[in-house]
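Survey of secondary and tertiary structure
Here is how the chains run, residue by residue.
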Amino acid sequence: MNKKNKTRIKLNFFIVLICITSISFTNSSNWGDAKWIWQQEDGPANSWVAFRKSFNLNKIPKDVVAKIAVDTKYWLWINGEMVLFEGGLARGAAPDTNYYDEVDLKSYLKEGENTIAVLVWYWGRTRKVHDDSGKGGLLFYADLGEEQIISNADWKLKVHPAYDAKSGGGGKSANRVNAYNVKFDARKALGDWSNQAWYMNNYNDKNWDKPIIKGDANGKPWGALVKRAIPQWNDRGLVKYESLTLESSKEKINLPFTNTSDSLVVIRAKLPFNQQITPYLKVNSKEGKTIIADMDNSFNMLKGTYITKDGVQEFESYSWINGHNVEYTIPPGVEVLELKYRWTGVGEMTGTFETSDPYFTRLWWMARNTLYVCARDGYMDCPDRERGLWVGDVADQTGAVFYTLDEPGRLLLKKGIDNTIAYRAGDTLQGLAPGFGAYRGKSSELTGQSLQYIDQGIWQYYYNTGDKATLENAYPAVLNYLKLWSMQPNGLPKHRKGYANWVDWGIDTDPVATNVVLYFMALKATKKMALALGKTKDIPWYNSRINNIQENFEKEYWQGNRYGSKNKLIEERVSALAIISGLAKKEHYNILVDSVLVPVKKSSPHMEWMAEEAIMITGQYDKGLLRMKDRYQEQVDRKWLTTLYEKYLPKLRGTYNHAWNAPNYVLSRYIAGIKATAIAWSSYEVKPNLAHMTSLKQIVPSVKGDIKVEVNKTDNIYQLDLISPEKTTATIYIPKAGKIIKKIEVNGKLLWKKGKFNNKIKKMKLADEDEEYVSFNVQKGNWNFRAIYK
């Protein structure tokens with residue numbers, strides 16, 4: 001070994017040593033001497049454990065941000081005041097990792113004696129997108145200046161005796177959702193245990209146990225600590241229901257209400273719409289009465305059961321459930337004083353859409369509600385039956401997210417992408433979903449969904465946010481997955497089954513042809529990823545496969561009036577995807593719309609929105625709306641229904657809140673006509689296609705800020721108002737609509753007349769003019785366009 005190599009080895013060793021020391025120091029400084037603490041037993045599953053820590057504070061620090069990690073969920077109080085409702089994210093940033101929260105404590109602390117109380121709920125089972133560590137635990141760290149509050153053996157611990165650990169065993173929830181039923185016996189409750197010490201507030205914890213130290217921060221089995229990927233839930237607090245009705249008589253009641261009968265009565269408590277909620281009650285009762293809070297939702301897996309003590313008492317079931325109405329079963333002799341609920345969720349639904357046609361206004365609203373109720377620790381297929389991260393369902397949701405939800409919704413997409421990449425099976429991208437070994441062992445790959453996720457999930461997330469770090473993390477895995485597909489002598493990819501040939505719940509599916517198009521779309525999307533990341537050496541591989549499919553798709557799958565396999569019955573999914581992907585020849589558009597996309601209705605909602613999008617791409621907006629109205633009419637007409645079903649008539653069944661309904665995406669992108677034209681909405685277009693409608697309002701919560709559009713038209717006047725955020729350029733399209741434009745005004749000034757453009761108006765310029773539109777580029781600000789026709 002020469003001297004130069006010896007020097008290089010010493011230098012490399014020194015660099016590695018510095019990195020190791022730095023990592024170790026970072027972990028130590030981040031968590032001090034905090035330890036994972038729990039009871040002696042590692043579990044058991046479905047256990048609720050209460051922790052307390054009292055300390056004296058001479059001076060309140062300027063900043064107090066605590067770091068808290070648990071497996072699995074927790075509730076936090078300081079001096080009896082709730083600080084955080086349901087902290088903790090389901091584990092799954094990557095294998096052997098655990099999320100932690102940062103919580104600002106300053107406003108809850110006071111000089112003198114303080115008490116921190118934490119209730120930890122350990123699930124103890126792996127389902128869907130939660131990867132059980134095998135050990136319950138609490139890890140806590142807060143720097144108070146004078147001292148550090150850390151989780152260690154000095155805390156107090158008690159397994160909460162009122163919660164029944166067997167509440168979920170053998171019930172409906174046993175093999176479906178991570179969480180459990182809640183069963184709480186108030187006769188065994190701990191009293192006001194979240195408040196201060198006995199000498200301050202008469203609470204005595206002297207008989208509580210000392211915790212057992214279970215491990216170090218960043219140690220196994222919990223693994224490396226990763227900061228929470230999304231903000232805490234939007235907790236809207238306890239509020240009253242819209243109405244209360246006796247189920248038996250349908251009679252509306254007011255509180256207080258006493259069950260004076262000799263049998264159980266059910267009070268139906270109405271929610272504004274289908275929401276993720278935790279039910280609350282306040283009653284006056286003798287001990288031993290059993291009250292149940294369930295949902296009217298037949299697919300709901302969870303419920304809360306409360307057994308009373310003597311006197312006035314209150315209870316909130318912390319395991320969230322969803323539906324349109326909460327059903328409280330009240331025993332004889334119980335006086336109901338208050339019934340309330342707490343609505344929590346990911347961020348806010350800041351996007352809005354309304355038109356002069358109330359049908360489409362309501363449909364967009366129902367789709368919005370469906371999206372939101374299918375989002376929490378991750379995007380999920382449904383909030384009741386499974387709560388599984390099927391990646392195709394998430395791909396269906398992705399487009400709608402950017403027209404509906406604010407930043408937390410976008411961050412939840414990032415989390416979903418990171419989780420999917422972390423939990424791939426070898427080079428296989430799979431759905432993190434129930435029953436198919438999504439975490440360990442057998443792959444849960446549905447090839448159609450995995451391919452769809454690449455374009456409509458991962459690429460669209462980057463295109464709408466500009467988050468290059470997430471793209472860089474995903475890209476190698478996506479490329480390796482696409483390379484699992486081999487090409488055939490006919491120039492098309494060889495079919496991969498995955499664990500099933502499923503592509504859609506509808507009838508007469510064509511899995512082979514469907515996956516050919518989805519693979520083509522994934523190739524094009526990943527090529528764009530490579531260009532965005534400067535991976536130019538990979539481009540020839542993409543080009544070769546893209547060109548082969550483009551050259552051979554038509555002769556293999558064009559059947560004269562549709563795209564699809566020769567031996568398959570006519571269906572609309574392959575034809576729709578061919579249009580969306582660009583494989584369909586434009587000369588076929590009319591026959592595809594009239595022979596397939598309008599009359600053939602075999603898809604489920606999973607691919608229905610793609611059929612609608614394909615019609616919109618051809619420019620036949622009336623026909624796209626006609627199909628959308630026909631497919632959703634039965635649901636929109638159900639006045640009690642506020643979300644959208646898993647399937648259509650004649651077999652309208654499954655959950656009534658299923659993720660893959662995306663008519664709001666289609667309406668926003670093609671009818672409101674608002675879409676990004678560059679990464680992260682640095683440029684976008686506003687090109688409304690109102691069809692039969694006369695007015696439209698839309699708010700788009702883009703990554704650059706809210707985009708607000710309002711359009712009103714009559715026979716002679718077309719008015720478009722836009723509020724455009726900072727760092728954007730918008731292209732505004734003024735339609736000619738077969739008419740002659742007399743003049744166009746902007747902000748009360750003449751902008752365009754007889755083909756002449758007034759170039760003296762600042763922050764805007766003429767973009768283009770053709771037979772259909774006059775278009776203008778505008779910078780940020782408020783713009784009021786008014787076109788007058790002859």
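Conventions used here
Residues numbered from 1 in each chain as written. Predicted model: local features only at pLDDT ≥ 70, side-chain atom pairs only at ≥ 80, totals over all residues. Heavy atoms only, no water. Helix = DSSP H or I, 4+ residues; strand = E, 2+ residues; numbered from the N terminus. Expected span 1.5 Å × (residues − 1). Buried < 20%, exposed > 50% of the residue type's maximum accessible area, 1.4 Å probe, protein only. Contact = heavy atoms within 4.5 Å. 1 Å grid on protein atoms, 1.4 Å probe; cavity = no way out; pocket = protein on both sides within 12 Å on 5 of 7 lines; lining within 4 Å. Points joined across faces, edges and corners; volume = space filled by probe spheres on them. Nonpolar A, V, L, I, M, F, W, Y, C, P; charged D, E, K, R; others polar. pLDDT = per-residue confidence, 0-100. Disulfide = S-S within 2.5 Å. Pairing = 2+ DSSP bridges. Axes fitted to C-alpha atoms, helices over the stretch in contact; angles between N-to-C directions. Salt bridge = Lys/Arg side-chain N within 4 Å of Asp/Glu carboxyl O. Phe/Tyr/Trp six-rings, centres within 6.5 Å; stacked < 30°, edge-to-face > 60°.

Re helix H12 (residues 605–617)
Under the 1.5 Å per step criterion, the end-to-end length of H12 is 19 Å for 13 residues, consistent within 8% with the ideal 18 Å. Of all 13 residues in H12, 12 are buried, a share of seventy percent or more. Of all the residues in H12, the buried ones are Pro605, His606, Met607, Glu608, Trp609, Met610, Ala611, Glu612, Glu613, Ala614, Ile615 and Met616.

Some thoughts on helix H5 (residues 407–422)
A rise of 1.5 Å per residue sets the reference length of H5, with its 16 residues, at 22 Å; its end C-alpha atoms lie 23 Å apart and thus fit the reference within 8%. Across the 16 residues that make up H5, a large majority, 12, are buried. The set of residues buried in H5 consists of Pro408, Gly409, Arg410, Leu412, Leu413, Lys415, Gly416, Ile417, Asp418, Asn419, Thr420 and Ile421. For H5, the elements touching its buried residues are strand S6 (97–104), helix H4 (391–404), helix H6 (447–465), helix H7 (468–482) and strand S26 (695–702).

Here we look at empty space enclosed by the protein
Applying the stated criterion across every chain yields a total of 4 cavities of 30 Å³ or more. In this structure, the second largest cavity occupies an estimated 50 Å³ of space. Every residue lining the second largest cavity is listed: Pro279, Tyr280, Leu281, Ile291, Ile292, Ala293, Gly304, Thr305, Tyr306, Phe315, Ser317 and Tyr328. Secondary structure elements with two or more residues in the lining of the second largest cavity: strand S17 (265–285), strand S18 (290–295) and strand S19 (304–307). Its residues assigned to classes, the lining of the second largest cavity shows 9 nonpolar, 3 polar and no charged.

Some remarks on the confidence of the model for the protein chain
When pLDDT is averaged along the protein chain, the result is 92; 93% of the residues meet or exceed 70. Contacts from residues 1–28, a stretch scored under 50 in pLDDT, to residues over four places away or in other chains number 4 contacts. Taken together, the stretch residues 435–441 has pLDDT below 50 and engages in 22 contacts with residues farther than four places along the chain or on a different chain.

Regarding the state of the cysteines
A complete count under the given rule lists 0 disulfides for this structure. Not part of a disulfide, Cys374 finds its nearest cysteine sulfur in Cys382, a span of 6.7 Å.

A look at the side chain of Ser575
Mapping Ser575 onto the fold places it in helix H10 (residues 573–581). Apart from the residues lying within four places of it in its own chain, the contact partners of Ser575 are Arg562, Tyr563, Leu592 and Val596.

Concerning the sheet that holds strand S7 (residues 112–122)
Backbone-to-backbone hydrogen bonds join strands into a sheet, with any given pair of strands oriented parallel or antiparallel. The strand order across the open sheet formed by 5 strands is S5-S4-S7-S2-S10, and the pairing between neighbours is antiparallel. Looking at strand neighbours, the two that pair on one side only are strand S5 (81–87) and strand S10 (156–159), the edges of this open sheet. Taken over all neighbouring pairs, the strand axes of this sheet differ in orientation by 15 degrees on average, direction set aside. Bridge analysis of strand S4 (residues 73–78) against S5 gives 4 bridges, and the strand direction is antiparallel. Along S5, the bridge assignment pairs Tyr74 with Gly87.

Concerning the pattern of salt bridges
Applying the stated criterion to the full structure yields 38 salt bridges. A salt bridge links Arg376 to Glu86; the nearest nitrogen and oxygen atoms lie 2.9 Å apart. Placement of the pair is Arg376 in the loop between helix H3 (358–373) and H4 and Glu86 in strand S5, with a sequence separation of 290 residues. Residues Arg376 and Glu86 agree in their burial class; the two are buried. Here Arg631 and Glu608 are joined by a salt bridge, their closest N and O atoms 3.0 Å apart.

Some details on the packing of aromatic side chains
Within a pair of aromatic rings, the relevant descriptors are the distance that separates the centres and the angle that separates the planes. Following the criterion strictly, the structure yields 47 aromatic pairs and no others. Summarising the aromatic geometry, the rings of Trp609 and Tyr665 are spaced 5.5 Å apart at their centres and angled 90 degrees between planes, so their arrangement reads as edge-to-face. With Trp609 in helix H12 and Tyr665 in helix H14 (residues 663–671), this residue pair connects regions lying 56 residues apart in the sequence. Pair check on accessibility: Trp609 and Tyr665 agree, each one buried. Taken together, the aromatic side chains of Trp48, Trp75, Phe85, Trp121, Trp123, Tyr163, Phe184, Tyr306, Phe315 and Tyr318 make up a single cluster linked through ring pairs.

What about the sheet that holds strand S34 (residues 773–778)?
Ordered in space as S24-S25-S29-S34-S33, the 5 strands form an open sheet in which the pairing is mixed. The open sheet is flanked by strand S24 (674–676) and strand S33 (764–769), the only strands paired with a single partner. Strand after strand, the sheet turns through a mean of 20 degrees between neighbouring axes, direction not considered. Pairing of strand S25 (residues 683–686) with strand S29 (residues 729–735), which is carried by 4 bridges, proceeds in the parallel orientation. In the strand pairing of S29, Tyr684 is matched with Ala730.

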